[in-house]
Each structure stands twice: as C-alpha cells, then as structure tokens.
Amino acid sequence: MKNYKWIAFLAVTLSLFVSVMSMGAILISLKDISHSFNTPIHQVSWLVIVHLLTVTAILLPAGNIADRFGRKNVHIFGILIFIIGTLLGVFANTFEILIFSRIIMAIGSGMGQAVGGAIVSSLFPDSERGKSLGMMSTSVGLGQTVGPVVGGLLVYNFGWESVYVFLLVPMILAFILGYLLLKKDEIESVDSDNQMFDYKGTLFGISFIITLIVGLKNLSFENIFSNYSILFLIISIFFGWWMAPTSFFIESQEAFQVPSTEFLMGTDDLGRDIFSGVVQGLRNSIFVSLGVTFISYTLGIALGIISGLLGGITDQLCLKFSEIIMILPRFLIIILATSFVGQGILILIIVLGLFSWTSIYRIIRSEILSLRTREYILAAKALGLNVGRISIR
C-alpha cells in the first residue's frame, strides 16, 4: 500500500492523542464531578492521581508483554480497554464506579503509550525515524493542550458526562484503523517469541512505583509523621530491593545502550544498568537516613533529658561535649573511620549518627530546663523518684 507508513502512523498517534487529551479534559471536569456526586474536591482529585499511578505502573510490564505477544495485539487491546473504561464512566452512578472506570482507562492508555513509540520506530527507515518520533511527540503535546480546552467547552455546555462520550468517538475510530491497517510483520520486534516475562520483577516494579508516588504525594514536611507517607516510602524501598534487575556495579553490558524493556533507563559509559543504580542508590540513601536519624534522636533525647534533669557538673560536661562534637570536621572523621575500621554503609550510619545528635540534644535540654522547676517535677523529687522514673513519666 502506498504511503502505508503514514496511514499506520495516523492510526497509532490518534489513540495517543486521545488518551493524553483525556487527562486534561477530565481534569477540567473535576469541580462538576464533585458537585454531581456530592464528594469533596480532594477526593475527586484521585481521578487524576489514580490515572497517573496506573499508567506509570502499566508502562513497565506492557513493553515486555508487547515483545512477547505482539505490539499490534497490545495496541489494539489497550484501545479496547480504554473504550470499555470510558463506557463505564459514561454510565457511572457512583463515585466509586467512576474511579474504577478511570483505572480501566489508564490501563488501556498505559498499554498504548508503551508500544506507540516502538510501532512508529518500526514503521519508518532510519533516515525518517527522528522526524516520525518528533511528530508523535508533537501530537502528544497537542493532546495536552487541546484537552483542557475541549473539556471546558463540553463541561460548560453539556456536563461532565459529555467528556466521556466525546472520547469514545475518536477512540473507536483509532481502534478500527489500528485493527484494519496495522500489519504485524511490519511492526513486530525480532525474536519476540524468545522473550521471557519477568513476573516477579513486574510485580515488585509496579508496587515500588505506586508506593513511592503515593508516599511522595502525601508527604508533608510541616508534620511529617501525621500521615502514612513515610510508611509508603519505606515500603517502596523494600519493593525496590528486588526490583533492580542487575547489580549497578556489574560492568558486563554494552555501554550507552538506549532505554529498552531490558534496561529501562539504558546503560552508562561503563555498561552499568542506570535504572538498577537509581533503585539501589535510593534504597541505600533511605537506609542511611533512617539509621542516622534513629541514632541521633536516641542520643540527643537521652543526653538532653539527663543533662536537663541532673544539672550541675553533669549538665556542664554534656554541654561542653556537644560543643566539641559540633566543631569537629564531620567528613574528616568519616574518612579516618573508614581508613581504620573499614568501608560500608553501617560504618557511615554509625559515624554520621554519632556526630548528628547535638541539635536534638540542645532542643531537649532547653525544654527539660524549663520543665524541671514545675511543681509536679519537684513533687516527684520530694517523693524520692529517681531521674530514670521521672524521665519515663
């Protein structure tokens, strides 16, 4: 067929355009949805959050599935899932059903985004590949721009349900074009039947991304322990432990590989998997942070209570000791410790913890000094309670 590549390109980019446009259009309709279901706007915002979480999670396994079962199959099936989710949204009579429909739509959207670039790349020769990928990116950008405009017009004139109805028409057209025009022999990868699907890595990868994003989304530095954000971040690290496909320190791969289903972020100049490096580095960083925080808070609180309650020579010794710790060059101590004791994360945690407690100590000491003259503290001392029992109480 003459100009087959451009017709197939249209079939692929139309679905990408609609799926991206749906995000902006539905974002504009959140206020109308909130009034329709009598739901607070912060809960309605989960329509956007759950879509992003699902798409991000689906992108990881969808590329591998496409290499194994065929890019056209994944593309067509993704459009069909998106259409089913959109139909559920049209007839949703509760907010929970609307959330579920958004998840279904996001699964289909993620499948299409995962294989769209690969299909376009296989349609064009090397001399035109850059132009085709650029045009595909332009269509995605146009979808992001057009989405809020179309959504605003539809919601203002017909209500939020019209957004879902509008999305059905071009997506059904994209399904028909993709099913009839895409040729499997033109867009499939080589040796796709020999690809092994990593079920364990996919499961941990999806769990890692979801827990990490939810933790970061709810993180509040004003009251960091007021919600479950820290718990989600910690859980994400344990998922990330098994998620890294290779060790970052193994230099057995080809250098400067482009991102693929095997190497999600490619490889560096030494052939190391960049994605594994990010996951392992994030895991080590949080372990170090948690360890240092535990040691510094434990020492600071304990010494602050002892110094504030006992006072006298004990208070003066602890105060002078904290001042000495504050002026010591921390990084020089770390270098000396690793030289004499050895290298490792545990040594780093211990050294940083032993030199990071002074600010906590001063805060606790000042609070205890202001409390020890209170009547209930004086009464406890008169009853013969020791420092330990007073501190616990």
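Located above this text is the structure these notes cover.
None of the values given here were measured: they were computed from a predicted structure.

Peer 1: Which residues make up the overall build of the protein chain, and what values do they have?
Peer 2: Across its full length, the protein chain holds 18 helices and zero strands. Looking at the protein chain residue by residue over its 393 residues, the buried ones come to 42%. For the protein chain, contacts bridging at least 24 residues in sequence account for 75% of all contacts bridging at least 6. On the protein chain, roughly 21500 Å² of surface is accessible, and the fraction owed to carbon and sulfur atoms is 68%.

Peer 1: Could you give an account of the side chain of Ser139, with specific residues and numbers?
Peer 2: Along the chain, the position of Ser139 falls in helix H7 (residues 126-158). Among the polar contacts listed, one links the side chain of Ser139 to the backbone oxygen of Met136, at a separation of 2.5 Å.

Peer 1: Describe the packing of helix H5 (residues 71-90) against helix H6 (residues 95-123), with residues and values.
Peer 2: It is at 7 Å that the axes of H5 and H6 come closest, and there the two elements cross at 155°. By the criterion of interaxial angle, the relationship of H5 to H6 is roughly antiparallel. When the axes of H5 and H6 are compared, the crossing they make is left-handed. The residue inventory of the contact of H5 with H6, partitioned by class, reads 15 nonpolar, nine polar and one charged.

Peer 1: Can you tell me about the pattern of salt bridges, naming the residues and giving the values?
Peer 2: All chains considered together, the criterion is met by three salt bridges. Between Asp315 and Arg365 there is a salt bridge, with the nearest N and O atoms lying 2.7 Å from each other. Highlighted residues: Asp315 in helix H13 (residues 312-327) and Arg365 in helix H16 (residues 358-371), separated in sequence by 50 residues. Neither Asp315 nor Arg365 differs from the other in exposure class; each is buried. Here Glu323 ties to Arg362 by a salt bridge, and the two come within 3.7 Å at their closest N and O atoms. Of this pair, Glu323 sits in helix H13 while Arg362 sits in helix H16, placing them 39 residues apart in sequence.

Peer 1: Account for the packing of aromatic side chains, naming residues and giving values.
Peer 2: For the structure shown, the criterion picks out six aromatic pairs. Judged by centre distance (5.6 Å) and plane angle (45°), the rings of Phe37 and Trp160 are tilted. Here Phe37, found in helix H2 (residues 30-37), pairs with Trp160, found in the loop between H7 and helix H8 (161-181); they are 123 residues apart in sequence, far enough to count as distant. Trp160 carries the same exposure label as Phe37, and that label is buried. Ring centres 5.7 Å apart and planes at 80° place the aromatic pair Trp357 and Tyr361 in the edge-to-face group. Residue classification places Trp357 among the buried residues on the basis of a relative accessible area of 3%. Between Lys72 and the ring centre of Tyr179, over which it is positioned, the NZ or CZ distance is 5.6 Å.

Peer 1: Outline empty space enclosed by the protein, listing residues and values.
Peer 2: Scanning all chains against the criterion turns up two cavities of 30 Å³ or more. Here the largest cavity is characterised by a volume of approximately 50 Å³. Lining of the largest cavity is provided by Ser15, Leu16, Ser19, Gly78, Ile79, Gly108, Ser109, Gly112 and Met171. Only helix H1 (4-28), H5 and H6 provide two or more residues apiece to the lining of the largest cavity. Considered class by class, the residues forming the lining of the largest cavity number three nonpolar, six polar and no charged. Roughly 30 Å³ of volume is contained in the second largest cavity. Elements with a contribution of two residues or more to the lining of the second largest cavity: H1 and helix H4 (46-69). The residue inventory of the lining of the second largest cavity, partitioned by class, reads four nonpolar, one polar and one charged.

Conventions used here
- Chains are numbered independently. Their residues run from 1 in the order of the written sequence.
- Side-chain atom pairs in this predicted model are given and counted only at pLDDT of 80 or more, local residue features only at pLDDT of at least 70, and totals for whole chains, interfaces and linings cover all residues.
- In computing side-chain values, all of the structure's heavy atoms are included and hydrogens and water are not.
- The secondary structure listing takes helices from DSSP runs of H or I that are at least 4 residues long and strands from runs of E that are at least 2 residues long, numbered from the N terminus.
- Burial classes: relative accessible area under 20% of the type maximum marks a residue as buried, over 50% as exposed, and values in between as partly exposed (1.4 Å probe, protein chains only).
- Whether two residues are in contact is decided by their heavy atoms: any pair within 4.5 Å suffices.
- What sets the accessible areas is the Shrake-Rupley method with a 1.4 Å probe; for residues, cover comes only from the shown protein chains.
- In the analysis that follows, any N or O atom pair within 3.5 Å is treated as a polar contact, provided that within protein one partner can donate a hydrogen and the other can accept it, and provided that, for residues neighboring in sequence, both atoms belong to side chains.
- Think of each axis as a best-fit line through the C-alpha atoms, taken over the contacting stretch in the case of a helix, with angles from 0 to 180 degrees between the N-to-C directions.
- Any angle that is under 35 degrees is reported as roughly parallel, and any over 145 degrees as roughly antiparallel; angles of 65 to 115 degrees are reported as roughly perpendicular and all others as oblique.
- Two helices cross in a left-handed way if the nearer one is turned anticlockwise from the farther one by less than a right angle. They cross in a right-handed way if the turn is clockwise.
- Under the grouping applied here, Gly and all other residues not named as nonpolar or charged are polar, the nonpolar ones being Ala, Val, Leu, Ile, Met, Phe, Trp, Tyr, Cys and Pro and the charged ones Asp, Glu, Lys and Arg.
- Basic side-chain nitrogens of Lys or Arg form a salt bridge, by our definition, when they fall within 4 Å of a carboxyl oxygen of Asp or Glu.
- By convention, a stacked pair of Phe, Tyr or Trp rings (six-membered ring in the case of Trp) has centres within 6.5 Å and planes under 30 degrees apart, an edge-to-face pair has planes over 60 apart, and any other such pair is tilted.
- Note on criteria: charge over ring means Lys NZ or Arg CZ within 6 Å of the ring centre, with the direction from the centre no more than 35 degrees off the ring normal.
- The definitions used throughout rest on a 1 Å grid laid over the protein atoms alone, on which a cavity is an enclosed set of points accommodating a 1.4 Å probe that cannot get out and a pocket is an open set flanked by protein within 12 Å on both sides along at least five of seven lines; lining residues are those having an atom within 4 Å of a point.
- Grid points are joined across faces, edges and corners, and a volume is the space filled by probe spheres set on the points.

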